[in-house]
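# Summary of the model geometry
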Amino acid sequence: MAHIVVLGAGTGGMPAAYEFRDALGDDHEITVINERDYFQFVPSNPWLAVGWRKRADITFPLEKYLSRKNIKFIASRCDKVDAENSQLKLENGETVSYDYLMISTGPKLFFEEVDGAGPHGGHTHSICTVDHAEMVWGEYQKLLEKGEGHIVIGAMPFASCFGPAYEFAFIVDADLRKRKMRHKFKMTYVSSEPYIGHLGLGGVGDSKGMLESELRNHHIDWVINAKTTKVEEGKLFVDEYTEDGEVKKSHEINFDLSMMLPAFKGVDAVAEVEGLCNPRGFVFVDELHRNPTYKNIYSAGVCIAIPPVDVTPVPTGAPKTGYMIETMVTSAVHNIADELAGKEPHTTGTWNTICLADFGDTGAAFVALPQLPPRNVAWFKKGKWVHMAKIAFEKYFIRKMKKGSSEPFYEKSILKMMGITRI
């Protein structure tokens with residue numbers, strides 16, 4: 001009997017655990033290790049940050065549901081990965097040995113990249129975790145009571161997931177309009193992207209023109225090619241760059257509320273393993289999602305190393321979207337199952353990107369096949385249907401995770417909503 005350990009229980013780790021159980025039956029032991037004892041559906045955090053969701057709507061206890069599938073759960077941070085001896089040292093003092101390790105930790109939120117950034121001791125907020133989104137909701141309510149102000153939303157240098165920043169900007173706009181208070185608030189989008197709609201993907205279809213139009217129509221100003229250099233209370237210091245990488249203009253942007261997505265890095269315990277990661281702590285994987293140095297370590301999700309789509313004046317990363325993560329997980333699970341069965345692993349994931357971005361009362365959907373250009377498909381459309389589709393997907397995903405289903409949720413739900421039958 002082999003012991004498979006899944007490190008991380010997010011939108012990659014939870015489906016991985018369920019897929020392992022279905023693929024391996026009860027012949028092997030599966031353990032999930034996660035710093036927190038609850039699952040959080042991160043795509044719903046922009047709604048939580050304006051009071052459209054509560055914590056209980058988008059979280060649930062992990063052990064309760066994993067145990068139903070005969071999957072052991074340990075709630076503790078991993079402090080050290082001893083890859084040479086196939087062991088994990090946990091914060092609670094436990095040492096866990098594994099035959100195969102699946103790293104699906106997600107990223108470390110590296111607020112330290114910019115002096116004065118971050119919700120803990122800094123002056124900017126984040127919607128990357130449910131705790132952070134609740135903090136935004138608290139500050140947003142204070143701003144509503146004040147009745148006026150400047151809201152700055154965007155992404156720091158080295159950020160790699162820009163969709164939630166656009167989502168949150170439009171969701172705040174929609175919420176203020178519903179309250180009939182939008183005319184009392186100035187809004188500015190500040191991003192390290194080289195142009196609006198870049199998204200870390202070099203743009204998808206007409207994302208540039210469409211998102212510029214949406215920002216104009218919603219009276220949201222923007223500063224792009226923006227390197228935030230430091231943050232003080234109520235003030236963002238930003239250097240705006242030209243396409244040639246020269247400083248075009250320096251800004252001091254006063255704000256009453258700021259939500260700036262941070263740079264991502266690999267989590268410390270993983271990043272410290274020699275030969276496992278790139279300089280920013282992201283796990284090296286081959287086409288099988290197996291680490292080239294440590295053959296019994298696989299990885300999937302935001303924590304893997306992939307190069308940026310293009311070189312930008314202000315550093316940006318490439319996003320790892322939900323459908324891509326789903327195929328990574330399936331690849332890793334099938335390959336470990338093949339190895340345990342004495343077969344040669346051969347399953348690869350796809351580099352296709354599919355995303356639903358909610359704008360509060362409408363939304364945008366995009367498909368990039370593959371993620372890196374030139375592409376076979378570059379499709380970007382907007383409409384109220386996207387808003388409704390994302391609500392439906394939220395309910396579908398959380399229900400499936402509670403049920404313990406390993407059914408491919410993107411293929412069965414989002415693609416069907418988009419009318420895409422094959423990719």
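Nothing here was measured: the structure is a model prediction, and the numbers come from that model.

Reading the values: rules and limits
Residues numbered from 1 in each chain as written. Predicted model: local features only at pLDDT ≥ 70, side-chain atom pairs only at ≥ 80, totals over all residues. Heavy atoms only, no water. Helix = DSSP H or I, 4+ residues; strand = E, 2+ residues; numbered from the N terminus. Buried < 20%, exposed > 50% of the residue type's maximum accessible area, 1.4 Å probe, protein only. Contact = heavy atoms within 4.5 Å. Polar contact = N/O pair within 3.5 Å; in protein donor to acceptor, adjacent residues only side chain to side chain. Domains from an automatic or database assignment. Buried area = accessible area lost by both parts, 1.4 Å probe. Salt bridge = Lys/Arg side-chain N within 4 Å of Asp/Glu carboxyl O. Pairing = 2+ DSSP bridges. UniProt positions renumbered as here; feature names shortened; annotations may be inferred. Core = buried A, V, L, I, M, F, W, Y, C linked by side-chain atoms within 4.5 Å. Axes fitted to C-alpha atoms, helices over the stretch in contact; angles between N-to-C directions. Phe/Tyr/Trp six-rings, centres within 6.5 Å; stacked < 30°, edge-to-face > 60°. Lys NZ or Arg CZ within 6 Å of the ring centre and 35° of its normal.

Once that is clear, we can look at the environment of N335. Looking at the secondary structure, you find N335 in helix 9 (residues 322–340). Looking at N335, the relative accessible area reads 0%, which means it is buried. Excluding its chain neighbours within four sequence positions, the residues that come into contact with N335 are L288, Y298, P345, H346 and T347. Among the polar contacts made by the side chain of N335, one reaches the main-chain amide nitrogen of H346 at a distance of 3.0 Å.

According to the domain assignment, the protein consists of domain 1 (3–108 + 264–347) and domain 2 (111–261). One C-alpha centre belongs to domain 1, the other to domain 2; they are set 29 Å apart. Taken together, the contacts link 27 residues of domain 1 with 40 residues of domain 2. Counting each side, the surface lost to burial between domain 1 and domain 2 is near 2,800 Å², with a carbon and sulfur contribution of 64%. The tally of links between domain 1 and domain 2 comes to 3 salt bridges.

The next point concerns the pairing of strand 16 (residues 247–254). In terms of strand pairing, strand 15 (residues 235–241) meets strand 16 through 7 bridges, oriented antiparallel. Considered in strand 16, the bridge of L236 is made with I253. Following strand 15, the chain reverses through 5 residues before pairing antiparallel with strand 16; G245 in that reversal takes a positive phi of roughly 85°.

This part is about the pattern of salt bridges. One pass over the full model with this rule turns up 25 salt bridges. Between K69 and D22 there is a salt bridge whose closest N-O contact spans 3.4 Å. Residue K69 is found in the loop between helix 4 (62–66) and strand 5 (72–75), and its partner D22 is found in helix 1 (residues 13–24); the two are separated by 47 residues along the sequence. Look at D22 and you get partly exposed, because its relative accessible area is 42%.

Under the UniProt annotation, "domain: FAD/NAD(P)-binding" (unreviewed entry) lies at residues 3–304. Span residues 3–304 is 24% helix and 30% strand, its end C-alpha atoms 22 Å apart.

Now for the nonpolar core. Core analysis: the biggest nonpolar cluster contains 118 residues, and F20 and V81 have the highest contact counts within it. In this structure, this core is formed jointly by two domains, domain 1 (3–108 + 264–347) and domain 2 (111–261), each of which donates at least three residues. Setting aside residues up to four positions removed in sequence, V81 forms contacts with Q87, L88, Y98, L101, A269, V270 and V273. Judged by nonpolar contacts, the second largest core, of 13 residues, contains V152, V190, V231 and V238.

Let us look at unusual backbone geometry. With the exception of glycine, the majority of residues adopt a negative phi angle, and the majority of peptide bonds are in the trans configuration. Omega for the bond connecting L369 with P370 falls within 30 degrees of zero, at -5°, which places this linkage in the cis form. With respect to the helices and strands, P370 occurs in the loop between strand 21 (363–369) and strand 22 (377–382). Even without being a glycine, H219 presents a positive backbone phi close to 55°. Position of H219 among the secondary structure elements: in the loop between helix 7 (207–217) and strand 13 (220–223).

The next point concerns the sheet that holds strand 7 (residues 87–90). Within a sheet, adjacent strands bond to each other through the backbone by hydrogen bonds, running parallel or antiparallel. With respect to topology, 3 strands assemble into an open sheet ordered 6-7-8, the strand pairing being antiparallel. Every other strand in the sheet has two partners, leaving strand 6 (78–82) and strand 8 (95–97) as the edge strands with one partner each. Sheet twist, expressed as the average angle between the axes of neighbouring strands with direction ignored, equals 20°. Here strand 7 runs beside strand 8; their pairing, made up of 3 bridges, is antiparallel. Paired with K89 across the bridge in strand 8 is T95.

Let us now look at the packing of aromatic side chains. This model, assessed by the stated rule, comprises 10 aromatic pairs. On the numbers, 5.0 Å between centres and 25° between planes, the contact of F39 with F60 is stacked. Remark: F60 occurs in strand 4 (residues 59–61) and F39 occurs in strand 3 (residues 38–40); sequence separation between them is 21 residues. Assessed through its relative accessible area of 0%, F39 is described here as buried. Relative to Y140, the ring of W137 has its centre 6.2 Å away and its plane inclined at 45°; by these criteria the two rings are tilted. Placement of the pair is W137 and Y140 together in helix 5 (residues 130–146), with a separation of 3 residues, close to one helical turn. The class for W137 is partly exposed, based on a relative accessible area of 23%. Looking at K178, its charged tip hangs above the ring of W52, at a distance of 4.1 Å from the centre. Across the ring face of F158, the terminal group of R280 is positioned such that the distance to the ring centre comes to 4.1 Å.

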